[in-house]
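Here's the letter readout for the chains.
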Amino acid sequence: MAEISETLKQRDAEEVLRSREEAQETELTPCEVERYLAPPAQSAFPLEYTFHLVGDVANKTVFDIGCGTGESVVVLVHKGAQVIGMDISPELIELASRRVEMQCAGLPKPKLAVGSAYETGIPDASVDVVLSNALLHHLDLPTVLKEIRRILKPNGRFIINEPVRLLRVLNTARKLFPDRGNISEFEHPLTREEYAEIKKFFVLKQERAFRLPFVSLAIKMGTPYKYLRGLLLLDGSLLNHFSFLRSVAGVRVAAFSPKSLA
Ligand SMILES: C[S@@+](CC[C@H](N)C(=O)[O-])C[C@H]1O[C@@H](n2cnc3c(N)ncnc32)[C@H](O)[C@@H]1O
């Protein structure tokens, strides 16, 4: 296991502070579970498609890396997986364990740990599925990708649901509509080069794009969910039918398998 640099330790320390603020603002309410247990491949919703790719994980070891308040952990426990959830923030892990108590009574307990995605302490080749929901875009990619490849079994799968900005022109547009809320200094949608970096360590198996610019704009403008839902359905339909639109979509959900360690 490689030692992580002082720079990355400093970045982690800043993430802890940012996530503490997020935890303080979080009111823990039960999250949806049923909807994510067996969603269809054509779903218009990125998180549904993410769990479609997760598939049947009964009795499999699944690692939710950067698990936040544990929403995905709860779904994975209900899917019968042996779940490990890790986050750099002690406050978010505390919320995740309260969520598990609230929503997983009578089910096998997940292991929840405070720790860094850069050095997880998980044994080599011991995990069937690593799930990264909105984590990679906070981190130094080569370091975390090596760690994920190290802990995955050779036939394991790495599933991501991440914001991307694959066209440079969209980065210019982004400056006109700055992100709102509690955003860390390092966090940014993955660029084309960064997305390609993942493919140095993993082989792409399945992938879909979501969130055309009109949806991102509607989200930034705080559009209520009852209207947003219709826009998301339109988004899914447009992206399913017109593949040339994929390069301007703002979210990629994908499944990868590890490249063998040379
Ligand atoms: C955008 S949130 C996503 C949380 C969760 N996966 C979800 O989908 O709700 C990113 C999470 O990554 C965590 N994080 C940031 N840097 C980390 C690191 N180096 N190791 C582990 N977790 C980290 C943050 O504390 C935060 O909970």
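Right above here is the structure, for reference.
Since the structure is predicted, the reported quantities are computational estimates derived from the model, not experimental observations.

Attention now moves to unusual backbone geometry. For Ala134, which is not glycine, the phi torsion reads 60 degrees and is therefore positive. Mapping Ala134 onto the fold places it in the loop between strand S4 (127-133) and helix H5 (141-151). The phi angle at Arg211 is positive, at roughly 75 degrees, despite the residue not being glycine. Assignment of secondary structure puts Arg211 in the loop between strand S7 (202-210) and helix H8 (213-220).

The next point concerns the environment of Arg99. Position of Arg99 relative to the elements: it lies in helix H4 (residues 90-103). Accessibility expressed as a relative area gives 2% for Arg99, which makes it buried. With 66 residues separating them along the chain, Arg99 and Val33 place their C-alpha atoms 12 Å apart. Setting aside anything within four residues of it in sequence, one finds Arg99 in contact with Leu28, Thr29, Pro30, Cys31, Thr69, Gly70, Glu71, Val74 and Cys104.

Let's shift gears to the pattern of salt bridges. For the structure on display, the rule yields 13 salt bridges. Salt-bridge contacts for Glu48 lead to Arg35; the nearest nitrogen and oxygen are separated by 2.7 Å. In this pair, Glu48 sits in helix H2 (residues 46-54) while Arg35 sits in the loop between helix H1 (6-25) and H2, placing the two residues 13 residues apart along the sequence. Accessibility expressed as a relative area gives 24% for Arg35, which makes it partly exposed. A single salt-bridge network, built from bridges that share partners, covers Glu15, Arg18 and Glu22.

When two helices pack together, their arrangement is given by the angle between their axes and by how far apart the axes lie. Interhelical geometry of helix H3 (residues 71-78) versus H4 gives an angle of 35 degrees and a closest axis separation of 9 Å. In this structure, the crossing between H3 and H4 has a hand that is right-handed. On the side of H3, the interface is formed by Glu71, Val73, Val74 and His78, while H4 contributes Arg99, Val100 and Gln103. Residue classes in the contact of H3 with H4 are distributed as three nonpolar, two polar and two charged.

This next bit is on the packing of aromatic side chains. Aromatic ring pairs are described here by two measures, namely the spacing of the ring centres and the angle between the planes. Following the criterion strictly, the structure yields six aromatic pairs and no others. On the basis of an interplanar angle of 45 degrees and a centroid distance of 4.9 Å, the ring pair of Phe158 and Phe202 is categorised as tilted. Of this pair, Phe158 sits in strand S5 (residues 152-165) while Phe202 sits in strand S7, and the two are 44 residues apart along the sequence. What makes Phe158 buried here is its relative accessible area of 0%. In this structure Phe202 comes out as buried when scored by relative accessible area, which is 1%. Connected via pairs of aromatic rings, a cluster forms that spans Phe158, Phe202 and Phe256. In this structure, Arg35 packs its charged tip against the face of Phe45, placed 4.9 Å from the ring centre. A cation over a ring is seen here: Arg208 above Tyr49, with NZ or CZ 4.9 Å from the ring centre.

The rules we used
- Note that residues are indexed from 1 along each chain, following the sequence as it is written.
- Only residues with pLDDT of at least 70 get local features here, since the model is predicted, and only at 80 or more are side-chain atom pairs given and counted; chain-wide, interface and lining totals rely on the full set of residues.
- Computation of side-chain values covers all heavy atoms of the structure but excludes hydrogens and water.
- Secondary structure elements are taken from DSSP: a helix is a run of H or I of four residues or more, a strand is a run of E of two residues or more, and numbering for both begins at the N terminus.
- Think of it in three bands: with a 1.4 Å probe and only protein chains considered, a residue is buried below 20% of the maximum accessible area for its type, exposed above 50%, and partly exposed in between.
- In this description, contact between two residues means that some pair of their heavy atoms is separated by no more than 4.5 Å.
- Between Lys or Arg on one side and Asp or Glu on the other, a salt bridge is scored when a side-chain nitrogen of the former is within 4 Å of a carboxyl oxygen of the latter.
- Note on method: axes are straight lines fitted to C-alpha atoms, helices fitted across the in-contact stretch only, with angles between N-to-C directions ranging 0 to 180 degrees.
- Crossings are sorted by hand: turned counterclockwise from the far helix by less than a right angle, the near helix makes the crossing left-handed, and turned clockwise it makes it right-handed.
- The classification used treats Ala, Val, Leu, Ile, Met, Phe, Trp, Tyr, Cys and Pro as nonpolar, Asp, Glu, Lys and Arg as charged, and all other residues, Gly among them, as polar.
- Two aromatic rings, drawn from Phe, Tyr or Trp (for Trp, its six-membered ring), form a pair once their centres lie within 6.5 Å of each other, and the interplanar angle then sorts them: stacked below 30 degrees, edge-to-face above 60, tilted otherwise.
- Should the NZ of a Lys or the CZ of an Arg lie within 6 Å of a ring centre and within 35 degrees of the ring normal, that charge is described as sitting over the ring.

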